[in-house]
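Working through the structure, step by step
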Amino acid sequence: MTARNEERWLLPAGIEEVLPAEAHIVEALRRELLDLYASWGYELVFPPFIDYLESLLTGTGQDLDLQTFKLTDHLTGRLLGIRADMTPQVARIDAHHLRRDTPTRLCYLGTVLHTQADGFASTRSPLQIGAEIYGHGGIASELEILRLIVLTLRTAGIADSYLDLGHVGIYRGLARQAELDAVQEHALFDALQRKAIPEITQLINTFGVTGAVADMLLALAELNGAAALTEAATVLRAAAAPVRAAVDELRQLAAELNRWHPEISVHYDLAELRGYHYKTGAVFAAFVPGWGLEVVRGGRYDDIGQVFGRARPAVGFSTDLKSLLQHGHGLAARYQLLPPITAPWSHDPALHAAIDQLRASGRRVIQALPGAVPETAQHEMQQLVLRDGRWEIQAVSTL
């Protein structure tokens, strides 16, 4: 066998296969989560795996340009992309296909593909699941999404998570107050994400920003932690009205969340600007101790459907099922399968009636195939045996 043939079992970096035991748990968790979302009124949609590039890179998608695999459609010559995120596609469904006047709740699940891993279990093929609310611009819809995040984590067996809240309006408002142009705003934004304080100081001086707004931009990098909102009242007291409104909105959202889930640990990072180029309000993420990347991400992105002909307020979240599985506890026990039952190969109608009844009740029945090696397992199995004219289940040890 050549070296080339020996390597054919290898997978691309960041691409993985899910084997039977894990696949069973992933599928069981998928069903439970989608049932949870349905119980809250979220309707399931399936966007296409491949789409026109301009549709995928609309609104939220602009941040995904480097993450999107691109190819040419042989039928039209137009550029296609393999979806790296389903949010723009779901927004199109709301804006173009459903066109409702009332708030619309949608959920989705499917594989997305990234050119490089960006977190979410370090995979390039996340099994993305998420939920969105379109048509409501208040704190109540943001709170509902946050409550759904909490329930998602609990369902996945993640009990020690914490939430991180921020608001893109704070930095955006300070940038306007400092009269930064787009290039300057982006440069300072990049330094803030790295919390590179010496670089932030140098940029502020280079841009000629002085006075209170310079002090506030510099202080923004350190406004994080459980007490950040309290500190913001003093640090940002000279901020323009839009900045103060954003801080107040974040404070109200945190208070409402605490009312529903006082047990949840909440941190704040006013310089954390996930999705800054398309988010319009609150941003949030969930983390687990010892893992530096978020396991859930979301926020408000109003008017995302404008390019599809209908601008509507929008807020939502997404996560990766495989990442939830990686950090969850007790899932294997909760979704444990009963031992399979083996049955002989036979045309006996009574045997097939017994098999059908067992399968209808949820049991797995494996009927032997003629000439094949008998089914075995690493644990005790059961088999159907004919006793006194009746097919009965009998335990048999395979050890």
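Everything below is about the structure printed above this text.
Now for a quick tour of the structure. Sequence order as written defines residue numbering, which begins from 1 separately in each chain. Note on the predicted model: pLDDT of at least 70 is required for a residue's local features to be given, and 80 or more for side-chain atom pairs to be given and counted; whole-chain, interface and lining totals, by contrast, use all residues. Note that the side-chain values use all heavy atoms of the structure and ignore hydrogens as well as water.

**Description of the sheet that holds strand S9 (residues 265-269)**
As a reminder, the rule being used: Two strands qualify as a pair provided that DSSP identifies no fewer than 2 bridges between them. Only DSSP runs of H or I reaching four residues or more are called helices, and only runs of E reaching two or more are called strands; each is numbered from the N terminus. In what follows, a contact means two residues having at least one pair of non-hydrogen atoms within 4.5 Å. Lines fitted to C-alpha atoms define the axes here, with helix axes fitted over just the stretch in contact, and angles between the N-to-C directions of these axes take values from 0 to 180 degrees.
The strand order across the open sheet built from 9 strands is S1-S5-S6-S12-S11-S10-S7-S9-S8, with neighbouring strands paired in mixed fashion. Strand pairing shows two members of the sheet lacking a second neighbour, strand S1 (43-45) and strand S8 (224-225), which therefore form its edges. The pairing of S8 with S9 spans 2 bridges and is antiparallel. Counterpart to glycine 225 in the pairing with S9 is tyrosine 268. Helix H11 (residues 241-260) contacts strand S7 (162-167), S9 and strand S10 (282-287) of the sheet and is inclined by roughly 155 degrees relative to S7.

**Concerning the sheet that holds strand S14 (residues 365-367)**
The strands making up a sheet are joined through hydrogen bonds of the backbone, oriented either antiparallel or parallel. Sheet architecture is open: 4 strands sit in the order S14-S13-S15-S16, paired in mixed fashion. If you trace the sheet from one side to the other, it starts and ends with S14 and strand S16 (390-396), each paired once. Taking the axes of each pair of neighbouring strands and ignoring which way they run, one obtains an average angle of 35 degrees across the sheet. Taken together, the 7 bridges between strand S15 (residues 381-387) and S16 define a ladder with antiparallel strand orientation. Opposite glutamine 383, over in S16, you have glutamine 394 as the bridge partner. Lying on the sheet, helix H14 (residues 349-360) is in contact with strand S13 (341-343), S14, S15 and S16; it crosses S14 at an angle near 145 degrees.

**Regarding the packing of helix H7 (residues 182-193) against helix H8 (residues 197-206)**
Packed helix pairs are specified by the crossing angle of their axes together with the interaxial distance, meaning the distance between the axes. The cut-off we apply is this: The cut-offs work like this: below 35 degrees is roughly parallel, past 145 is roughly antiparallel, 65 to 115 is roughly perpendicular, and the gaps in between are oblique. Helix crossings are classified by the rotation of the near helix relative to the far one: an anticlockwise turn of less than a right angle makes the crossing left-handed, while a clockwise turn makes it right-handed. Ten residue types, Ala, Val, Leu, Ile, Met, Phe, Trp, Tyr, Cys and Pro, are classed as nonpolar, four, Asp, Glu, Lys and Arg, as charged, and the remainder, Gly among them, as polar.
Taken N-terminus to C-terminus, the directions of H7 and H8 make an angle of 165 degrees; their axes are 9 Å apart at the nearest point. Compared by their axis directions, H7 and H8 come out roughly antiparallel. Crossing geometry of H7 relative to H8 is assigned as left-handed. Side by side, H7 and H8 meet where Ala187, Leu188, Ala191 and Leu192 of the first sit next to Glu199, Ile200, Leu203 and Ile204 of the second. Split into classes, the residues belonging to the contact of H7 with H8 amount to 7 nonpolar, no polar and 1 charged.

**Considering the environment of arginine 312**
Let me state the cut-off plainly: Two N or O atoms count as a polar contact when they lie within 3.5 Å, although within protein this holds only if one can serve as hydrogen donor and the other as acceptor, and sequence-adjacent residues are included solely when both atoms are side-chain atoms.
Its place among the elements puts arginine 312 in the loop between strand S11 (296-300) and strand S12 (314-320). Along the chain, arginine 312 and aspartate 160 lie 152 residues apart, while their C-alpha atoms are 35 Å from each other. Polar contacts involving the side chain of arginine 312 include one to the main-chain carbonyl oxygen of threonine 102, which spans 3.1 Å.

**A short note on the pairing of S10**
We count it as follows: Burial classes follow relative accessibility: with a 1.4 Å probe on protein chains only, a residue under 20% of its type's maximum area counts as buried, one over 50% as exposed, and anything between as partly exposed.
The buried fraction of S10 is high, at 6 of 6 residues. Pairing analysis gives 6 bridges linking S7 to S10, with the strands arranged antiparallel. By the bridge assignment, aspartate 164 is partnered in S10 with alanine 285. Bridge analysis of S10 against S11 gives 4 bridges, and the strand direction is antiparallel. Paired with alanine 285 across the two strands is arginine 297, which belongs to S11.

**Examining the pattern of salt bridges**
Using the following cut-off: A pairing counts as a salt bridge when a side-chain nitrogen of Lys or Arg comes within 4 Å of a carboxyl oxygen of Asp or Glu.
For the structure shown, the criterion picks out 21 salt bridges. Lysine 322 is paired through a salt bridge with glutamate 16; the nearest N and O atoms lie 2.5 Å apart. On the criterion of sequence distance, the pair formed by lysine 322 in helix H12 (residues 321-327) and glutamate 16 in the loop between helix H1 (3-6) and helix H2 (20-39) is long-range, its members being 306 residues apart. One salt bridge connects arginine 78 with glutamate 54, and the closest N-O pair in it is separated by 2.2 Å.

**With respect to helix H10 (residues 228-235)**
Heads up, the rule is: When we speak of the arc, we mean the arc of directions from the helix axis to the C-beta atoms.
Residues Ala228, Leu229 and Ala232 constitute the buried set of H10. Projected down its long axis, H10 carries its buried residues within an arc of 90 degrees, all on one side. Of the surrounding elements, those touching the buried residues of H10 are S8, H11 and S9.

**Let's talk about unusual backbone geometry**
Positive phi, close to 60 degrees, is recorded for glutamate 179, a residue that is not glycine. Relative to the helices and strands, glutamate 179 is located in the loop between helix H6 (168-177) and H7. Of note in the backbone geometry, aspartate 388 takes a positive phi value of approximately 55 degrees without being a glycine. Along the chain, aspartate 388 turns up in the loop between S15 and S16. Take aspartate 388: its relative accessible area is 76%, and that puts it in the exposed class.

**With respect to the packing of aromatic side chains**
We apply this condition: Here is the rule: rings of Phe, Tyr and Trp (six-membered ring for Trp) pair when centre to centre is within 6.5 Å. Planes less than 30 degrees apart are stacked, more than 60 are edge-to-face, and the remainder are tilted. A ring is considered to have a charge above it if a Lys NZ or an Arg CZ atom is located within 6 Å of its centre and within 35 degrees of its normal.
Counting across every chain of the model gives 2 aromatic pairs. Measuring from ring centre to ring centre gives 6.1 Å for tyrosine 37 and phenylalanine 317, while their planes differ by 85 degrees; the resulting arrangement is edge-to-face. In this pair, tyrosine 37 sits in helix H2 while phenylalanine 317 sits in strand S12, placing the two residues 280 residues apart along the sequence. For tyrosine 37, a relative accessible area of 0% translates into the label buried. Its guanidinium or amino end placed over the ring of tyrosine 52, arginine 78 lies 3.6 Å from that ring's centre, counting from NZ or CZ. A cation over an aromatic ring shows up here: arginine 147 above the ring of tryptophan 260, its NZ or CZ 3.6 Å from the ring centre.

**Considerations on the layout of surface pockets**
Rules: Detection works on a 1 Å grid of protein atoms alone, calling trapped sets that fit a 1.4 Å probe cavities and calling open sets with protein on both sides within 12 Å along at least five of seven lines pockets, with lining residues defined by an atom within 4 Å of a point. Grid points are joined across faces, edges and corners, and a volume is the space filled by probe spheres set on the points.
Roughly 1,100 Å³ of volume is contained in the largest pocket. Lining the largest pocket are 44 residues; nearest its centre among them are Asp118, Arg274, Gly275, Glu294 and Arg297. Partitioning the lining of the largest pocket into residue classes produces 16 nonpolar, 17 polar and 11 charged. Here the second largest pocket is characterised by a volume of approximately 230 Å³. Lining the second largest pocket are 12 residues, and of these Ala21, His24, Gln336, Leu337 and Arg364 sit closest to its centre. A total of 4 residues in the lining of the second largest pocket trace back to one element, the largest contributor, which is H2.

Function cannot be read off these values alone, since they describe shape.
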